[in-house]
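Coordinates in review
Listed here are the chains, written in short residue letters.
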Amino acid sequence: MSSTELPGARAAAAAMAPTVSAVRVAEGERLRSVSLPGLSLIVRARPGDRTGLPPALYVHGLGGSSQNWSAMMPLLADVVDGEAVDLPGFGDSPPPDDGNYSVTGHARAVIRLLDAGERGPVHLFGNSLGGAVATRVAAVRPDLVRTLTLVSPALPEIRVQRPAVPTGLLAIPGVASLFSRLTKEWTAEQRTRGVMALCYGDPARISEEGFRHAVAEMERRLELPYFWDAMTRSARGIVDAYTLGGQHGLWRQAERVLAPTQLVYGGRDRLVSYRMARRASAAFRDSRLLSLPDAGHVAMMEYPEAVAQAFRDLLDECGGS
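Structural notes, computed from the coordinates.

Rules and cut-offs
Residues numbered from 1 in each chain as written. Predicted model: local features only at pLDDT ≥ 70, side-chain atom pairs only at ≥ 80, totals over all residues. Heavy atoms only, no water. Phe/Tyr/Trp six-rings, centres within 6.5 Å; stacked < 30°, edge-to-face > 60°. Helix = DSSP H or I, 4+ residues; strand = E, 2+ residues; numbered from the N terminus. Buried < 20%, exposed > 50% of the residue type's maximum accessible area, 1.4 Å probe, protein only. Lys NZ or Arg CZ within 6 Å of the ring centre and 35° of its normal. Core = buried A, V, L, I, M, F, W, Y, C linked by side-chain atoms within 4.5 Å. Contact = heavy atoms within 4.5 Å.

**Comments concerning the packing of aromatic side chains**
- Summed over the entire model, instances satisfying the criterion amount to five aromatic pairs.
- Taking 4.5 Å as the distance between ring centres and 25° as the angle between the ring planes, the aromatic pair formed by Tyr-58 and Phe-125 counts as stacked. With Tyr-58 in strand β4 (residues 55-59) and Phe-125 in strand β6 (residues 122-127), this residue pair connects regions lying 67 residues apart in the sequence.
- Taking relative accessible area as the criterion, Tyr-58 reaches 0% and is therefore assigned buried.
- With relative accessibility at 0%, the residue Phe-125 sits in the buried group.
- Aromatic pair Trp-69 and Phe-125: ring centres 6.2 Å apart, planes at 65°, arrangement edge-to-face. Pair noted here: Trp-69 is in the loop between β4 and β5 (81-86) and Phe-125 is in strand β6, with a separation of 56 residues, a long-range link. In this structure, Trp-69 and Phe-125 share a single accessibility class: buried.
- Ring pairs connect the aromatic residues Tyr-58, Trp-69, Phe-125 and Phe-311, which therefore count as one cluster.
- The ring of Tyr-303 carries the charged tip of Arg-205 above its face, separated from the ring centre by 4.1 Å.

Have a look at this one:
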């Protein structure tokens, strides 16, 4: 493995992907590229306030990036040394060489990142798709996970919420290209408002500055020729994971998780039903639940203070490390 600091530049990723607008790096963050065989990952670091803090890794959801954790990471910088990964094909990470965007493929990327960096065991956070990925990592490699914090994890539902259906339809061959053609006249601002209406419990909570940053990121992503392919294949990966049974089923793997687990569900989540909170609480053997009635699908972006405090409480229960 090689790791290269990226002080505002994108070295390895730029060599493997077309030139696009620079990704945003918030104050106090830094980017680095981690090169692995057949895989290159961009990692967003928010170093702890002091040396010796336990490591944390944050994993974003479908269509997201490591920036989804930028609001919460500084709130925990006094208790963890935080890093957020751009999954393959998302954020600033180029596509994987093998084109594997399944939940297992993403989990394998996270495991390889942790093994290569020797950062485990970590406090592992995951949202949506990232929650499914984190669940799989915790189940198959318990040695890598100290605690698990899942924000609206994408675990299989029998009755999928209606607003989530279009995401599932992306998994059908040809639908993504059709949608791309039908929406080619949409502006980045229109697309961003649509995403926020779907993901936020109350889009009015988004600041003007936050909205501008989101539009800029949307414009950047649309410049990537593999954007729709990564979305389509990852959506297909979620659908496949929903239908997978036996020992490899996500609910069965949730039952195998040994790490203390903090679950976070939003009452206004239009993508992952709040009713799944009860099933998740029963499945994860050492779990506690934070319910946020006004939150949508990305509580760590909408209510970062509340999610951070829930993790602090979990950390206290575990002896502070």
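**Digging into the nonpolar core**
- Within the largest apolar cluster, 54 residues are counted, with the highest numbers of intra-cluster contacts made by Leu-57, Val-110, Leu-124, Val-137, Val-145, Leu-148 and Phe-284.
- If we skip the residues at most four places from it in the chain, Phe-284 touches Thr-135, Leu-148, Leu-150, Leu-155, Ala-254, Val-257, Thr-261 and Leu-263.
- Core analysis: the second largest hydrophobic core is formed by 34 residues, Met-72, Cys-199, Leu-271 and Ala-310 among them.

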